[in-house]
Amino acid sequence: MTPSSHDGRWDARLWAALAVLCAVIFLDALDVSMVGVALPSIQDDLGLSTSSLQWVVSGYVLGYGGLLLLGGRTADLLGRRRVFLAALAVFAAASLLGGLVNDGTLLIAARFVKGVSAAFTAPAALSIITTTFPEGPARNRALSVFTASGASGFSLGLVISGFLTELGWRWTFLMPVPVAIIALVAALRVLPRHAGEQRAEGGHDIVGAVTITGSMLLLVFAVVEAPEAGWGSFRTIASLVGAAVLLAAFVLTERRVKHPLVRLGILRSGPIVRANLGLVILFGSYVGFQFVAMQYFQNFLRWSALETALAFLPAGLLVAVTSTKMGDLADRFGTARLIAIGSAALAAGYAFFLQVNDDPGLATLVIPGMVLLGIAFALSFPSLNIQATNGVADDEQGLASGLLNTSGQVGGAVVLAVVTAVLTSSTSADPIDGFRAAIAVSGILAAVGLVIALTGLRGRRTEAVEAEDGKVLETV
């Protein structure tokens, strides 16, 4: 962009470019969660079953997560600005289509296309930032603003959705259209053609992209359909085996292909692995919890869409207000400590919601639980992004950012499928038992995430050493 990013002075053009990138990641994250409050209305209007309804969420998440690695690699190869602009145009078109369709299958297809477009905008935007701002305080500051935008979009999406759903669920799909168009026009003006355009050498690993996407689709399909088909049915077993075979084929391909989608050597870095696992758990557990909460608040308690949205407001406000400060805190205390505290808050938040009943108290249950989840996101999400990209060479920033975002989206798709299966397969006469069991899935994952985060506190004492291939700094 400009040399000012390297000497500590950010001029108006640099701030404008960062604002555009933040607006798009806000939209990407917003679209994951904004459909949440609208789900019961979509279900009633289109006549979808609970299992089919979760595909409205999973369609986007799978398109997003399934092609993020290819999106990151494409940005490295073809140029980040070019990929960013093209994908943003597709995102706007798919948003318009989703707001106009009258068939559940077409709606899921539109959501999938939106997810695919986001799979190219997100890593391109993140890698533009990480190749523009030098590693250290400047990059941490930029990343804290960028990830705050993503976290705020995800957290506030439910709140915005509540207001829009009162007008009609289609507005949750149509609202991003003008925002995306404005961002596209602004990006053409403020993203210089040379922004982050140091391109990596190599080609596209189409086999790798197909095998990893197919593996995830089969895995989620198997888990979602298992309660109806039976865990021991041929369809379920065949789907699980197919997912495993495709995953093995992906790993084999990455080891042998000349220009892999994922250079497996990047996974030798302990901090990078912990960051990716952390986002699997943070995002996956929350997407699953959000789906259960929508069913609980609206279908069971009969809260309106607006009332449900306001229940999530404390978490959204906490993230929006505090996460921009996380770059400074990461400089002072290190990402490992922030992630550990955030992981503890996440587990505590789900523990609060295990107390759900027929008449939950706002002051004793809903608000404290939401505040804890907001603290978890505000601390963990920016810190995980900083940790996942530190020490990575410029020509692999697209890979590192794509890998991290893939981890989050895959976690969201798989955990949502598991939570839906638990919720729909409950045989208890009391629906509360099913809600508690489904929330417990997120709680158990959060506990595992806390254990992983605590290992990072021990690992941070070890000196960072450069990997043998010079591509990434590694901490044992």
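Since the structure is predicted, the reported quantities are computational estimates derived from the model, not experimental observations. (Residues numbered from 1 in each chain as written. Predicted model: local features only at pLDDT ≥ 70, side-chain atom pairs only at ≥ 80, totals over all residues. Heavy atoms only, no water.)

### Some details on the nonpolar core
Looking at soluble globular proteins, one finds that nonpolar side chains tend to be buried together. Cut-off, in case you're wondering: Residues enter a nonpolar core if they are buried and are Ala, Val, Leu, Ile, Met, Phe, Trp, Tyr or Cys, with the set joined through side-chain atoms within 4.5 Å. Throughout, exposure labels follow a simple rule: accessible area from a 1.4 Å probe, protein chains only, divided by the maximum for the residue type, with under 20% read as buried, over 50% as exposed, and the rest as partly exposed. Counting from the N terminus, the helices are DSSP H or I runs at least four residues long and the strands are E runs at least two residues long. Contacts between residues were defined by any pair of non-hydrogen atoms, one from each residue, lying within 4.5 Å.
In terms of nonpolar packing, the biggest core is built from 136 residues, with Ile-42, Phe-84 and Phe-289 touching the most fellow members. Looking at this core element by element, the count peaks at 19 residues for helix H1 (residues 12-46). Residues contacting Phe-289, with those up to four places away along its chain left out, are Phe-312, Tyr-350, Phe-353, Met-370, Leu-373, Ile-439 and Ser-442.

### Quick look at the packing of helix H10 (residues 270-300) against helix H15 (residues 362-389)
Test applied: Helix axes use the C-alpha atoms of the stretch in contact, all axes being lines fitted to C-alpha atoms, and the angles between their N-to-C directions lie in the range 0 to 180 degrees. Note on terminology: angles under 35 degrees are roughly parallel, angles over 145 are roughly antiparallel, angles of 65 to 115 are roughly perpendicular, and the others are oblique. In a left-handed crossing the near helix is turned counterclockwise from the far helix by less than a right angle, and in a right-handed crossing that turn is clockwise.
Running from N to C, H10 and H15 cross one another at 150 degrees; their axes reach a closest spacing of 10 Å. Viewed along their axes, H10 and H15 adopt a mutual orientation that is roughly antiparallel. Crossing of H10 against H15: the hand is left-handed. When H10 is examined against H15, the residues Pro-271, Ile-272, Arg-274, Ala-275, Gly-278, Leu-279, Leu-282, Tyr-286, Phe-289 and Phe-297 are found in contact with a partner set consisting of Val-366, Met-370, Leu-373, Phe-377, Ser-380, Phe-381, Leu-384, Gln-387 and Ala-388.

### Some details on helix H12 (residues 313-322)
As a reminder of what qualifies: Relevant arc is that of directions from the helix axis to the C-beta atoms, nothing else.
All of the buried residues in H12 are Ala-315, Gly-316 and Val-319. Projected down its long axis, H12 shows its buried positions confined to an angular sector of 100 degrees, all on one face. Those residues of H12 that are buried lie in contact with helix H5 (137-167) and H15.

### Structural notes on a nonpolar patch on the surface
Using the following cut-off: Like-charged residues within 9 Å of one another, or nonpolar side chains (Val, Leu, Ile, Met, Phe, Trp, Tyr) within 5 Å, are grouped into patches, provided each residue has over 30% relative accessible area and no salt bridge. Areas reported here follow the Shrake-Rupley algorithm with a probe of radius 1.4 Å; residue values treat only the protein chains shown as occluding. The working definition used for a salt bridge is a side-chain nitrogen of Lys or Arg within 4 Å of a carboxyl oxygen of Asp or Glu.
On the surface, Val-90, Phe-112, Val-113 and Leu-217 cluster together into a nonpolar patch covering about 270 Å² of accessible area. With respect to the helices, strands and loops of the structure, Leu-217 is situated in helix H8 (residues 206-229).

### Here we look at the pattern of salt bridges
On inspection of all chains with the given rule, the structure shows 2 salt bridges. Between Arg-111 and Asp-31 there is a salt bridge, and its shortest N-O distance comes to 3.0 Å. Of this pair, Arg-111 sits in helix H4 (residues 104-132) while Asp-31 sits in helix H1, and the two are 80 residues apart along the sequence. Considered together, Arg-111 and Asp-31 belong to a single accessibility category, that of buried residues. For Asp-31, the salt bridge is made with Lys-114, and the minimal N-O distance between the two is 2.7 Å.

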